[in-house]
Amino acid sequence: MITVVGRINVPVGGTPVQVTAGFAALGIQLSTCHAALLQALHDNTGRIYIGLSTLNRTTRANCAAVLAAPSGAAIPSFGISNPLSPAGVDLAALYLDADTNGEGILLTMLVT
């Protein structure tokens, strides 16, 4: 089943935000995630950084991906899955940071 989580913002650039921070309020179970798609918001003006809790956007330490600001029809995205382990994607381990305050991603998950 596809679960559309929706928008996840980084309120203050330079302060990483856990991707799953608002999941409890939405009733989303983390233990059932097979895959996820993180897509830059169409109106972002800066880059989005995806990584671990110790993510550093300046040095790129612990950074798994950088989503550029969208241009024209191109909207950058980052997909994650673990085909060898059902429900093996731990989104709680992912954090976001942004160049511009208030920018972020759209998140869609494949869950059981």
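Since this is a predicted model, take the numbers as computed values, not measurements. (Residues numbered from 1 in each chain as written. Predicted model: local features only at pLDDT ≥ 70, side-chain atom pairs only at ≥ 80, totals over all residues. Heavy atoms only, no water.)

A. Main features of a nonpolar patch on the surface. Together, Ile-2, Val-4 and Leu-110 make up a nonpolar patch on the protein surface, roughly 310 Å² of accessible area in all. Tracing the chain through its elements places Leu-110 in strand β8 (residues 104-111). (Patch = residues over 30% accessible without salt bridge, like charges linked within 9 Å, V, L, I, M, F, W, Y side chains within 5 Å. Areas by Shrake-Rupley, 256 points an atom, 1.4 Å probe, with all protein chains shown as cover. Salt bridge = Lys/Arg side-chain N within 4 Å of Asp/Glu carboxyl O. Helix = DSSP H or I, 4+ residues; strand = E, 2+ residues; numbered from the N terminus.)

B. Expanded view of the pairing of β8. Relative to β8, strand β1 (residues 2-9) runs antiparallel, the two being bridged by 7 bridges. Following the sheet pairing, Gly-6 is matched in β8 by Leu-107. Bridge analysis of strand β3 (residues 33-40) against β8 gives 7 bridges, and the strand direction is antiparallel. Directly across from Leu-37, in β8, lies its bridge partner Thr-108. (Pairing = 2+ DSSP bridges.)

C. Structural detail: unusual backbone geometry. Positive phi is not limited to glycine here, since Arg-60 has a value of about 70°. A positive phi angle is found at Ala-87, which is not glycine, with a value near 55°. Checked against the element boundaries, Ala-87 lands in the loop between β6 (77-81) and β7 (95-98).

D. View of the environment of Leu-37. As for its position among the elements, Leu-37 is in strand β3. In this structure Leu-37 comes out as partly exposed when scored by relative accessible area, which is 37%. Sequence-wise, Leu-37 and Leu-110 are 73 residues apart; in three dimensions their C-alpha atoms are separated by 8.7 Å. Once you skip the residues sitting within four places of it in the chain, Leu-37 turns out to touch Ser-77, Phe-78, Gly-79, Leu-106, Leu-107 and Thr-108. (Buried < 20%, exposed > 50% of the residue type's maximum accessible area, 1.4 Å probe, protein only. Contact = heavy atoms within 4.5 Å.)

E. Highlighting the nonpolar core. Judged by nonpolar contacts, the single largest core of 25 residues is most densely connected at Leu-38, Ile-50, Leu-91, Leu-96, Ile-105, Leu-107 and Met-109. If we skip the residues at most four places from it in the chain, Leu-107 touches Thr-3, Val-4, Val-5, Gly-6, Ile-8, Val-19, Phe-23, Ala-36, Leu-37, Leu-38 and Leu-91. (Core = buried A, V, L, I, M, F, W, Y, C linked by side-chain atoms within 4.5 Å.)

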